[in-house]
Amino acid sequence: MFGRATDLSTRAEQQTLPGTKDATRFRDLLLAEAHEDTWRIVEVFSVGGGPFEAELAWSAGCGVGANARISVAHAARVGIYARSIRVRARNLGAEANPVGVTIADGQAQTRNQWEATGDVSNGLPAIIAVPPFARAVRLDLADPAAPGATELWLVDGGNVLRARVPAANQPGDGVLVGGAREVHVVTTTKSAFRLVFDLTL
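Residues numbered from 1 in each chain as written. Predicted model: local features only at pLDDT ≥ 70, side-chain atom pairs only at ≥ 80, totals over all residues. Heavy atoms only, no water.

**A short note on the environment of Thr-117**
Consideration 1: The topology assignment puts Thr-117 in strand E7 (residues 112-121).
Consideration 2: The exposure class assigned to Thr-117 is exposed, which follows from its relative accessible area of 56%.
Consideration 3: Along the primary structure Thr-117 and Pro-131 are separated by 14 residues, whereas in three dimensions their C-alpha atoms are 14 Å apart.
Consideration 4: Apart from the residues lying within four places of it in its own chain, the contact partners of Thr-117 are Phe-193 and Arg-194. (Helix = DSSP H or I, 4+ residues; strand = E, 2+ residues; numbered from the N terminus. Buried < 20%, exposed > 50% of the residue type's maximum accessible area, 1.4 Å probe, protein only. Contact = heavy atoms within 4.5 Å.)

So this is what it looks like as structure tokens:
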């Protein structure tokens, strides 16, 4: 039963995300709704401290809602304006990972990130779509010699290359994505990499 019109049907859930090959699959963690929208603070966390990825989808009013993904090292907090919320999660580790979510009414400024990982080699650039709410992106490479041979390419919605940034010359707070659609990691060597997007969420 609802109390106030803004009360959610569910405010907390927890489950264990499996490890091994099932770790890549998203699993429903929470689905909640209210009669009216308000500011919510969504907290996602790992009981054991393992990394995971959370996917949030929400709506306010009668319109189609927004969605976002965040990478969580241990715990994270997201501030959204919503009447309905869906949270899914997937494990980023090989071991089983018990994770939970709690939602409180309130407003807070939050900042999150989303990480894409992979391998890049000469002639095989990695192409990553810019995620929702991205403000800037930073490239890290496993091979300490690779930054001198690697560039970030920012490509717009018309498939036009708009910026080429040497990995060794990235600003400290990352490269602003602006209106880019994709980020390409291009190298003349070989290395594992991660792209970390700074989210305004």
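Still to come is the rest of the account.
**A look at the sheet that holds strand E14 (residues 190-199)**
Sheets are built from strands that pair by backbone hydrogen bonding, the pairs being arranged parallel or antiparallel.
Consideration 1: Spatially, E7-E14-E9-E12 is the arrangement adopted by the 4 strands of the open sheet, whose pairing is antiparallel. Two strands in the sheet have a free side with no partner beyond their single neighbour: E7 and strand E12 (175-176).
Consideration 2: Direction of pairing for strand E9 (residues 134-141) relative to E14: antiparallel, over a ladder of 7 bridges. Among the inter-strand pairings, Ala-136 is bridged to a residue of E14, identified as Asp-198. (Pairing = 2+ DSSP bridges.)

**With respect to the pattern of salt bridges**
Consideration 1: Evaluated as defined, the whole model comprises 19 salt bridges.
Consideration 2: The salt bridge involving Arg-77 is made with Glu-43; its shortest N-O contact spans 2.6 Å. With Arg-77 in strand E5 (residues 75-91) and Glu-43 in strand E2 (residues 27-46), the pair connects residues that are 34 residues apart, well separated along the chain.
Consideration 3: Judged by its relative accessible area of 44%, Arg-77 falls in the partly exposed class.
Consideration 4: In this structure, Arg-111 engages Asp-198 in a salt bridge whose closest nitrogen and oxygen atoms are separated by 2.9 Å. (Salt bridge = Lys/Arg side-chain N within 4 Å of Asp/Glu carboxyl O.)

Treat this as a map of the structure, not an account of what it does.
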